[in-house]
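# Structural overview
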Amino acid sequence: MFDLLVVMNDMIVIVCDLLLYTIMCPSRENTRVTVMFKYIGCVLIVAAYYGAVYILKLPAAVSSTVCMTVPSFLLFLYYAKYRDSRFVLTFCFIDTISLIVAFIGRLFGITLKYGEVYAVIIMPVLFAVILRFAFKYADKYKKLLAEADAGWGLMACSTALIYFAMIFFAGYPKPMVERVEYFPVWLVFAVVVISCYVVFIHSIFKTQKISDQKKRLEREKEVYQLAYNDGLTGLHNRASYMEKVNELERNRSQFRQIGFVVVDINCFKQVNDTMGHHMGDQILIFVADALRVAFKGYEKYIFRMGGDEFFIILPDEEEEELKNRISGFRRYLEEEKNAAGLKITAAVGYEIILTEEKESLEHAFVLADRKMYEDKRSFRF
């Protein structure tokens, strides 16, 4: 009777261990043939362990290593999607948990009267709890394995060392069944290991959460880029300009004065008509680069409003410095080569308002726009 209970306890551990491997180890493919061969391999492992221990009468530690640990490692490694530290970490983690449950069952079997009966009851309960968590978090764990392909090496080494320590302390200098007085010490060590794994699991899912947040922020950044950036020049667009002007209007008291510059490329329509829109695009990119250089430090305040018109806002910029920047912009257009090989000029107008005055920022841009058209007429004639 008790021999049968011992066999049942061992089979419970092995079957649940293999089931955990199947749940937690991602496979390269999940076809019916693959799953069938995987389960056939599990059945052969169980049969091999039973034959080694109960027919050939080999020591349980040797049988467990030769007929269980090594074959299951090779079987699931063969079908594993990730044959690296991610697999080693998963394998050692599962085996460590199964080892702890198995030794708890062995403790009941050795130290208590009818202990094997209690073990047959308690071990399935413990494994049922573990399997419940495995089913609950398997998808999240596999998703994390798929998304993060680096940083697993150190955790895999730690998990392998813990696994080795659990086996070493249980079998050296003599098997634990021959030194029952050390069971409490081993159990304390097991509790410490489990607490470490709780922290490990928590950190894994925290990492997943951070990864998901990072992806969400990247998607939001992409949406922002589409909504507030000009796709051709990389400058901010009209929507961004409206938002920035409203923001400055709300916080205008933080600045003493604000400068506004309007830029319009001269004869741009003729470039498009005679050389094509592709060349026109190259001119727009060239002018945008010139504005970045001339108005360095104000990149977030440079806007392409549409067509060949650009706006620049310069909070707390002195008029003399603003004029120098405009001169630098014109000099860049004259001296730097552009893709069209043309002499590019631009009409520029500016206006500076004191923030303590009641004049709106939009009105300041209207005034700057008028000056830009005056400048444009002088270029044409």
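Quick note: structure is the one above.
I will try to describe carefully the structure that is included in this document. (Residues numbered from 1 in each chain as written. Predicted model: local features only at pLDDT ≥ 70, side-chain atom pairs only at ≥ 80, totals over all residues. Heavy atoms only, no water.)

## Considering helix 10 (residues 277–294)
One turn of the α-helix equals 3.6 residues, which is why residues spaced by three or four share an orientation. In plain terms, the rule: Under the DSSP-based scheme used, a helix requires at least four consecutive residues in state H or I and a strand at least two consecutive residues in state E, with every element numbered from the N terminus. Helices are assigned an expected span. That span is 1.5 Å times one less than the residue count. Burial status follows relative accessibility: with a 1.4 Å probe on protein chains alone, a residue under 20% of its type maximum counts as buried, one over 50% as exposed, and anything between as partly exposed.
End to end, helix 10 covers 25 Å across 18 residues, agreeing with the expected 26 Å (1.5 Å per residue, within 8%). Among all positions in helix 10, only Met 279, Gly 280, Ile 283, Leu 284, Phe 286, Val 287, Ala 288, Ala 290, Leu 291 and Ala 294 are buried.

## Examining the pairing of strand 4 (residues 346–354)
Where we set the bar: We call two strands paired when DSSP finds no fewer than two bridges between them.
In terms of burial, strand 4 is a largely internal element, seven of the nine residues being buried. Pairing of strand 1 (residues 257–265) with strand 4 involves nine bridges; the strand directions are antiparallel. Looking at strand 4, one finds that Val 262 is bridged to Gly 349.

## Some details on a nonpolar patch on the surface
How we decide: To count toward a patch, a residue needs a relative accessible area above 30% and no salt bridge. Like charges then connect within 9 Å, nonpolar side chains (Val, Leu, Ile, Met, Phe, Trp, Tyr) within 5 Å. Per-residue and other accessible areas follow the Shrake-Rupley method at a 1.4 Å probe size, with only the shown protein chains counted as cover for residues. The salt bridge criterion pairs a side-chain nitrogen of Lys or Arg with a carboxyl oxygen of Asp or Glu, the two atoms within 4 Å.
Together, Val 33, Met 36, Phe 37, Ile 40 and Leu 44 make up a nonpolar patch on the protein surface, roughly 470 Å² of accessible area in all. Summarising the element assignment, Phe 37 is placed in helix 2 (residues 32–55). According to the relative accessible area criterion, Phe 37 is partly exposed, its value standing at 43%.

## Looking at the packing of aromatic side chains
As a reminder, the rule being used: The aromatic pairing rule takes the rings of Phe, Tyr and Trp, using the six-membered ring of Trp, and pairs them if the centres are within 6.5 Å, calling planes under 30 degrees apart stacked, those over 60 edge-to-face and the rest tilted.
One pass over the full model with this rule turns up 19 aromatic pairs. An angle of 55° between the planes, with centres 5.2 Å apart, marks the rings of Tyr 21 and Phe 76 as tilted. With Tyr 21 in helix 1 (residues 2–24) and Phe 76 in helix 3 (residues 60–79), the pair connects residues that are 55 residues apart, well separated along the chain. Pair check on accessibility: Tyr 21 and Phe 76 agree, each one buried. Relative to Phe 91, the ring of Tyr 21 has its centre 4.9 Å away and its plane inclined at 5°; by these criteria the two rings are stacked. Linking Tyr 21 in helix 1 with Phe 91 in helix 4 (residues 85–111), this pair joins segments that are 70 residues apart in sequence. Linked through ring pairs, Tyr 21, Phe 73, Phe 76, Phe 87 and Phe 91 together constitute an aromatic cluster.

## Here we look at the packing of helix 4 against helix 6 (residues 153–171)
To keep things clear, this is the line we draw: The angle between two axes is taken between their N-to-C directions and runs from 0 to 180 degrees, where each axis is a line fitted to C-alpha atoms and a helix contributes only its stretch in contact. Working definition: roughly parallel below 35 degrees, roughly antiparallel above 145 degrees, roughly perpendicular at 65 to 115 degrees, and oblique for all remaining angles. Crossing handedness follows the turn of the near helix against the far one: under a right angle anticlockwise gives a left-handed crossing, and clockwise gives a right-handed one. Contacts: residue pairs with any heavy atoms within 4.5 Å of one another. When residues are grouped by polarity, Ala, Val, Leu, Ile, Met, Phe, Trp, Tyr, Cys and Pro land in nonpolar, Asp, Glu, Lys and Arg in charged, and all others, Gly among them, in polar.
The contact between helix 4 and helix 6 brings their axes to 8 Å, and the two run at 30°. Judged by the inter-axis angle, helix 4 sits roughly parallel to helix 6. As for the relative orientation of helix 4 and helix 6, their crossing is left-handed in sense. When helix 4 is examined against helix 6, the residues Ser 85, Val 88, Leu 89, Cys 92, Phe 93, Asp 95, Thr 96, Leu 99, Ile 100 and Phe 103 are found in contact with a partner set consisting of Gly 153, Met 155, Ala 156, Thr 159, Ala 160, Ile 162, Tyr 163, Met 166, Ile 167 and Ala 170. In terms of residue class, the contact of helix 4 with helix 6 is made up of 15 nonpolar, four polar and one charged.

## Quick notes on the nonpolar core
The nonpolar side chains of soluble globular proteins are, as a tendency, buried together. Definition in use: Working definition of a nonpolar core: buried Ala, Val, Leu, Ile, Met, Phe, Trp, Tyr and Cys residues. They are joined through side-chain atoms within 4.5 Å.
Counting residues in hydrophobic clusters, the biggest one holds 59 residues, and the most contacted among them are Leu 18 and Trp 186. Sorting the residues of this core by element identifies helix 1, helix 2, helix 3, helix 4, helix 5 (115–147), helix 6 and helix 7 (183–228) as the ones contributing at least two each. Not counting chain neighbours up to four residues away, the residues in contact with Trp 186 comprise Leu 99, Ile 100, Phe 103, Met 166, Phe 169, Ala 170 and Met 176. Of all hydrophobic cores here, the second largest spans 47 residues; its members include Leu 235, Val 245, Phe 329 and Leu 361.

## So, the packing of helix 9 (residues 268–275) against helix 10
At their nearest, the axes of helix 9 and helix 10 sit 7 Å apart, and the two run at 145° to each other. Taking contact as the criterion, the partners of Phe 268, Val 271, Asn 272 and Met 275 in helix 9 are, on helix 10, His 277, Met 279, Gly 280, Ile 283 and Leu 284. Within the contact of helix 9 with helix 10, the residues separate by chemical class into six nonpolar, three polar and no charged.

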